[in-house]
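Remarks on the overall topology
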Amino acid sequence: MHLLELEVEMSIYQTIQNFVELAIKNGAIEAMDSVYLRNQLLHFLGMNDWEQPEATQTESDALTLMDQLLSAARENQQFDTIDAACYEAALMDFVTPHPSQINRQFWQKYRENPDCATDYFYALAREVNQVKTRDIAKNIVFKHATQYGDLEITINLSKPEKDPKMIAAAKAQATTSYPKCLLCLENEGLYGGGNHPARSNHRFIRLALNQANWGFQYSPYAYYPEHAIIFHEKHQMMKMNRLAFENLLEFLDVFPHYMIGSNADLPIVGGSILTHDHYQAGKYRFPMMKAAIRQDIQLKKYPEIKAGLVNWPMSVLRLQSRNKEELLTASAEILEKWQHYSDVPLQIIALTADGVQHHTVTPIARKEGETYILDLVFRDNNTSEAFPDGIFHPHPALQHIKKENIGLIEVMGLAILPPRLKAELKEVERYLLGQPNQIDKRHLPWAEELKKTTQVTEADVQYQVQQAVGEVFEKVLQDAGVFKDDAQGKLGFDRFIDFINEVDCV
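Attention in this report is confined to the structure presented alongside it. This one's a predicted model, so the numbers in the text were calculated from it and none came from an experiment.

In this section: unusual backbone geometry. Residue P179 is bonded to the preceding Y178 through a cis peptide linkage, with omega at -15°. In this structure, P179 sits in the loop between α8 (164-172) and β3 (205-209). Positive phi is not limited to glycine here, since Q211 has a value of about 60°. Relative to the helices and strands, Q211 is located in the loop between β3 and β4 (212-218). Of note, E226 is a non-glycine position whose phi angle comes to about 55°, a positive value. Looking at the element boundaries, E226 is found in the loop between β4 and β5 (228-232).

Structure below.
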């Protein structure tokens, strides 16, 4: 055997040994299980021999070890490109503790401090590549200053795009209804393939809220720090009601260092998955949370609640109180009144002639000390001949940048924009500089207007285009606001507050 071949073999043996030690550190196995796990890995990597490495080469970074092991497995023809994501997750499952182990450790640490518990779970999720930190780092992120504060913009590049061969292979595989959706508890440990993503190294914390069982997980392609998904153990529809508000506030009692919110429960204004009851939480202060109160409001029936209209492009009522029960009663009443409220001159219509309900809220909750803070963002999903995609949805002139639903995260001032924009905006930059380009015709009217109003140079063209994108997102939020931030809209919001204070719903 040549020396070079020996070094390669020794390197992979050392990598396997380091990977086994990582499994011990993570609590996936105990030291006694080392030989067992080594043999399992050898088979998984397509190897059938072992040579004890010298204890001189060490590598503790989980993703570096993963890359080296995947390279060896690829050389041994253990997987192909189509199966790569599933094989990768299954490899990392070797260093991921079982659900029972993680839950036991999580709640032991919780007794020390809620932060200790979530810090443990989030660090583990990143280490085993369940939260895909390297992919998330590819996102293009910038801020845009507005009269409402800084908006945050993300061009989402973290989710890998599938090539035609992968799409064709997925379609060729038999689709199943197990699990019923991507949020079901049954995804835990799922190998994946076909219409289901890889979930071998996926883990959930079991959580009780209002005498119901929920799962707590971290989003693989997190849009903000500690981006968590809280989902019901049963596959049931999302519903905005008092119970939803109760769930949000009880979650804060368990994890007071997190915020939590819910997508609206209606199409157009709701999120992408309305068929499974869930919330989104995290350790982050969104732009909307930093926004000031522009007008104090007195809720006549609830004197202990501090209320106000938020200085925000969407229509937000902020409620603050230490009295949890009163806050829940008030928020449920306000929701019910919004579901019955119409202001036809503003195109705000609660129920159409076919009896369909069009009003709901996007609620966001957090806690400061002993005070609960609940932001209610009023939503209307009506359409019209002029706006078939939604009256309170990004209007056609803005859809070259953002056409998708304005969900919970966007409501709070964090734009999630499609990956196509990375290449498309480069062509816009070339157009503005007078260089040869292949600008998408969807962007041309916008780019022509920018060329008239914006002076750019090679040095600042990217910044100028990014700021123009930020201006579009600001207008997107304004389009989604039911009471516009103008004189007519402010009078309309005042009329609705009067309705809350004076009218009893039957």
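With that settled, the discussion passes to the sheet that holds β3. Ordered in space as β3-β4-β5-β7-β6-β11-β12-β10-β9-β8, the ten strands form an open sheet in which the pairing is antiparallel. Where the open sheet ends on each side, the last strands, each with one partner, are β3 and β8 (293-297). Direction aside, neighbouring strands of the sheet carry axes that sit 25° apart on average. Across three bridges, the pairing between strand β6 (residues 259-261) and strand β7 (residues 278-282) is antiparallel. Bridge assignment links M259 to a residue of β7, and that residue is G282. Packed on one face of the sheet, helix α9 (residues 242-254) meets β3, β4, β5, β6, β7, β11 (359-368) and β12 (371-380) and runs near 15° to β11. Here helix α11 (residues 324-339) sits on the sheet and contacts β10 (316-321), β11 and β12; the angle it forms with β12, its principal contact strand, is near 5°.

With mixed pairing, the three strands of this open sheet are ordered in space as β1-β2-β13. At either end of the open sheet lies a strand with only one pairing partner, and these are β1 (140-146) and β13 (414-417). The sheet shows a mean angle of 20° between the axes of neighbouring strands, taken without regard to direction. In the sheet, strand β2 (residues 149-155) pairs with β13 via four bridges, with the strands oriented parallel. Paired with I153 across the bridge in β13 is A415. Sitting on the sheet, helix α15 (residues 461-480) is in contact with β1, β2 and β13, with an inclination near 65° to β1.

Attention now moves to helix α5 (residues 99-112). Along its 14 residues, α5 runs 20 Å from first to last C-alpha, staying within 8% of the 20 Å computed at 1.5 Å per residue. Those residues of α5 that fall on the buried side of the exposure criterion are I102, N103 and F106. Viewed end-on, α5 has its buried residues packed into an arc of 95°, placing them on one side of the element. In α5, those exposed residues whose orientation departs by more than 90 degrees from the buried face are R111 and E112. Looking at the buried positions of α5, the neighbouring elements they touch are α6 (114-127) and β3.

Time to look at the pattern of salt bridges. In a structure, side chains of opposite charge can pair up when their charged atoms sit close to one another. Scanning all chains against the criterion turns up 28 salt bridges. E325 is paired through a salt bridge with R242; the nearest N and O atoms lie 2.5 Å apart. Taken together, the residues span a long stretch of sequence, with E325 in helix α11 and R242 in helix α9 at a distance of 83 residues. Residue classification places R242 among the partly exposed residues on the basis of a relative accessible area of 24%. When the shortest N-O distance is used, the salt bridge between K337 and E333 registers 2.9 Å. With K337 and E333 both in helix α11 and four residues apart, the pair spans about one turn of that helix. In this pair, the class of K337 matches that of E333, namely buried. Put simply, R285, R318, R366, E368 and D375 are held in one network by salt bridges that share partners.

Cut-off values and rules
- Residues numbered from 1 in each chain as written.
- Predicted model: local features only at pLDDT ≥ 70, side-chain atom pairs only at ≥ 80, totals over all residues.
- Heavy atoms only, no water.
- Helix = DSSP H or I, 4+ residues; strand = E, 2+ residues; numbered from the N terminus.
- Pairing = 2+ DSSP bridges.
- Axes fitted to C-alpha atoms, helices over the stretch in contact; angles between N-to-C directions.
- Contact = heavy atoms within 4.5 Å.
- Expected span 1.5 Å × (residues − 1).
- Buried < 20%, exposed > 50% of the residue type's maximum accessible area, 1.4 Å probe, protein only.
- Arc of directions from axis to C-beta.
- Salt bridge = Lys/Arg side-chain N within 4 Å of Asp/Glu carboxyl O.

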